[in-house]
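# Overview (structure and organization)
The chain contents come next:
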Amino acid sequence: MREALFWERAGDDLDVRCTLCFHKCLVKPGKAGFCGVRVNREGTLCTLVDDNVASLALDPVEKKPLFHFLPGTATLSLGTLGCNFACKFCQNSQISRLPADTGRFRKGTAVDARSLVELALRKGVPSISCTYNEPTVFYELVRDIGERAAEAGLRVVLVTNGSMAREPLLKLKGLVHAANVDLKSFSPDFYRNVCSGSLTSVLDNLVTMKEMGIWLEVTTLVIPGLNDSDRELGQIAAFIRNNLGSDTPWHVSAFFPCYQMLDRPRTDPATIHRACETGRAAGLEYVYGGNVANRRDEFTFCPRCHALCVQRVGFAVLSSCDGTCPSCGAPLAGVWR
Ligand code: SF4
């Protein structure tokens with residue numbers, strides 16, 4: 001356990017305030033913040049997950065999902081425990097909600113940043129992804145990985161809910177190269193009531209990441225009856241176009257019942273296709289359907305001449321290009337090598 005970054009004393013006693021994310025938790029001695037993994041030890045905020053890796057795997061980078069960042073490569077992917085959101089539909093609740101839901105803290109494998117970078121180099125992969133649970137809550141490990149990876153010439157990816165406070169986010173400039181950010185809804189009430197999150201925090205994070213030069217892709221999980229209206233999908237697409245650029249990839253993926261949201265059906269594949277069409281009609285150049293079998297919605301087409309540039313099935317890349325359209329030579333957005 002080590003002292004956390006981004007906290008301050010709160011008053012004259014041993015209370016502390018964590019300033020790492022929008023919650024700004026007031027943490028009493030012996031207690032943890034909302035995420036369950038940042039604890040007050042006698043007046044000092046400490047992290048329980050600075051080297052506590054609960055999940056470690058080699059994944060296709062397409063699984064993050066990132067379709068325009070080193071396509072066809074594998075990425076060393078890791079997660080710890082805890083999350084600063086509490087999404088009722090969480091697909092990784094076994095690790096993200098374990099400390100907060102049960103009060104138990106299952107120790108993962110102690111792996112430090114240096115070992116992770118060495119493992120990535122041994123495996124011959126070009127990137128390390130902080131994923132599976134929210135990287136914000138293991139900020140110290142993310143930063144350490146970023147510093148070590150930069151020395152080794154590796155790239156770093158965040159798969160995030162986009163709710164880090166601005167100052168810690170800015171401190172990652174140059175250490176993080178790509179991010180997939182969930183934009184779960186365009187409703188503040190949805191964020192508050194379904195996720196214990198904050199829409200404004202996510203929108204601000206997206207704009208800040210864009211300004212930092214991080215390659216961005218955005219994901220929306222489309223849940224029947226909650227965020228699947230044409231109006232809301234159009235609002236999300238318009239935000240991406242107006243604030244992040246029409247060349248920002250948008251992944252719309254299908255929901256399936258899990259965790260505390262078992263009362264809703266799977267998303268109809270036709271709804272995912274409709275969401276893709278909504279994004280394209282709003283002017284987005286790269287819109288992808290996920291968790292459903294509709295191959296055309298997984299392909300990349302040239303935004304200028306509409307030729308097929310990248311063929312995918314699920315996370316597999318069947319044919320790709322060098323970042324330019326093989327037909328007309330127009331550059332495709334992204335990081336291709
Ligand atoms: S990172 Fe955790 S402890 Fe810190 S403010 Fe966010 S939820 Fe609270």
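What this report covers is the structure whose coordinates are included nearby. (Residues numbered from 1 in each chain as written. Predicted model: local features only at pLDDT ≥ 70, side-chain atom pairs only at ≥ 80, totals over all residues. Heavy atoms only, no water.)

## A short note on the overall build of the protein
- In terms of regular secondary structure, the protein is built from 9 helices and 19 strands.
- Over its C-alpha atoms, taken along the principal directions, the protein stretches across nearly 65 × 45 × 30 Å.
- Within the protein, the fraction of its 337 residues that count as buried is 55%.
- Taking the contacts inside the protein whose residues are at least 6 apart along the sequence as the reference set, 65% of them involve residues at least 24 apart.
- When the accessible surface of the protein is split by element, carbon and sulfur atoms take 49% of a total near 13900 Å².
- Averaging the positions of the 38 positive and the 35 negative side-chain charges in the protein gives two centres separated by 2 Å. (Helix = DSSP H or I, 4+ residues; strand = E, 2+ residues; numbered from the N terminus. Buried < 20%, exposed > 50% of the residue type's maximum accessible area, 1.4 Å probe, protein only. Contact = heavy atoms within 4.5 Å. Areas by Shrake-Rupley, 256 points an atom, 1.4 Å probe, with all protein chains shown as cover. Lys, Arg positive; Asp, Glu negative; His and termini not counted. Charge placed at Lys NZ, Arg CZ, Asp CG, Glu CD.)

## Structural notes on helix H7 (residues 199–212)
- For H7, built from 14 residues, the straight-helix expectation of 20 Å at 1.5 Å per residue is met to within 8% by its first-to-last C-alpha distance of 20 Å.
- Residues of H7 that are buried include every one of Leu199, Ser201, Val202, Leu203, Asn205, Leu206, Thr208, Met209 and Met212, and no others.
- Buried-residue contacts for H7 involve strand S12 (155–160), helix H5 (166–170), strand S13 (178–182), helix H6 (188–195), strand S14 (215–222) and helix H8 (230–244). (Expected span 1.5 Å × (residues − 1).)

## Some details on the pattern of salt bridges
- Evaluated as defined, the whole model comprises 15 salt bridges.
- Between arginine 38 and glutamate 140 there is a salt bridge; the shortest N-O distance is 2.7 Å. Here arginine 38 is found in strand S5 (residues 38–41), whereas its partner glutamate 140 is found in helix H4 (residues 139–152), with 102 residues between them in sequence. Across the pair, exposure class does not vary: arginine 38 and glutamate 140 are buried alike.
- With a closest N to O distance of 2.3 Å, arginine 192 and aspartate 189 form a salt bridge. Of this pair, arginine 192 and aspartate 189 both sit in helix H6, 3 residues apart, roughly one helical turn.
- One salt-bridge network, held together by shared partners, links Arg2, Asp50, Arg143, Asp144 and Glu147. (Salt bridge = Lys/Arg side-chain N within 4 Å of Asp/Glu carboxyl O.)

## Examining the sheet that holds strand S19 (residues 316–319)
- Pairing is antiparallel in the open sheet, where 3 strands are placed in the order S17-S18-S19. Two strands bound the open sheet, and with one partner strand each, they are strand S17 (300–301) and S19.
- As defined by bridge partners, S17 adjoins strand S18 (residues 308–313) across 2 bridges and the pair is classed as antiparallel. Paired with phenylalanine 301 across the bridge in S18 is leucine 308. (Pairing = 2+ DSSP bridges.)

## Some thoughts on the packing of aromatic side chains
- In total, this model carries 8 aromatic pairs according to the counting rule given.
- Where phenylalanine 89 meets phenylalanine 190, the ring centres are 6.2 Å apart and the plane angle is 40 degrees; that geometry is what we call tilted. Of this pair, phenylalanine 89 sits in the loop between strand S9 (74–79) and helix H1 (93–96) while phenylalanine 190 sits in helix H6, and the two are 101 residues apart along the sequence.
- On the accessibility criterion, phenylalanine 89 (5% relative accessible area) is buried.
- The class for phenylalanine 190 is buried, based on a relative accessible area of 6%.
- An angle of 70 degrees between the planes, with centres 6.4 Å apart, marks the rings of phenylalanine 190 and tyrosine 191 as edge-to-face. Both residues of the pair, phenylalanine 190 and tyrosine 191, belong to the buried class.
- Here the aromatic cluster, defined as three or more aromatic residues joined through ring pairs, consists of Phe22, Phe85, Phe89, Phe190 and Tyr191. (Phe/Tyr/Trp six-rings, centres within 6.5 Å; stacked < 30°, edge-to-face > 60°.)

## Examining the environment of valine 287
- Within the fold, valine 287 resides in strand S16 (residues 287–290).
- In the structure, valine 287 is positioned 50 residues away from alanine 237 in sequence and 9.6 Å away in space, judged by C-alpha atoms.
- Each residue touching valine 287, except ones within four places of it in the same chain, is listed here: Trp250, Cys276, Gly279, Arg280 and Asp297.

## Here's the deal with the pairing of S13
- For S13, the tally of buried residues reaches 4 of 5 residues, placing the bulk of the element in the interior.
- Bridge count between S13 and S14: 5 bridges; the pairing is parallel. Within S14, the position partnered with alanine 179 by the bridge is leucine 216.

## What about the environment of histidine 306?
- By secondary structure assignment, the location of histidine 306 is in the loop between S17 and S18.
- Each C-alpha atom, one on histidine 306 and one on cysteine 328, is 9.3 Å from the other, the two residues being 22 residues apart in sequence.

## Quick notes on the site of the ligand
- In the neighbourhood of the ligand, the contacting residues comprise Cys18, Leu20, Cys21, His23, Lys24, Cys25, Gly33, Phe34, Cys35, Arg38 and Asn84.
- Counted by class, the shell around the ligand contains 6 nonpolar, 3 polar and 2 charged residues. (Near = heavy atom within 4 Å. Nonpolar A, V, L, I, M, F, W, Y, C, P; charged D, E, K, R; others polar.)

## A word on the pairing of S16
- Of the two faces of S16, both are covered, the one formed by Val287 and Gly289 as well as the one formed by Tyr288 and Gly290.
- Alignment of strand S15 (residues 250–254) against S16, held across 4 bridges, turns out to be parallel. By the bridge assignment, tryptophan 250 is partnered in S16 with valine 287.

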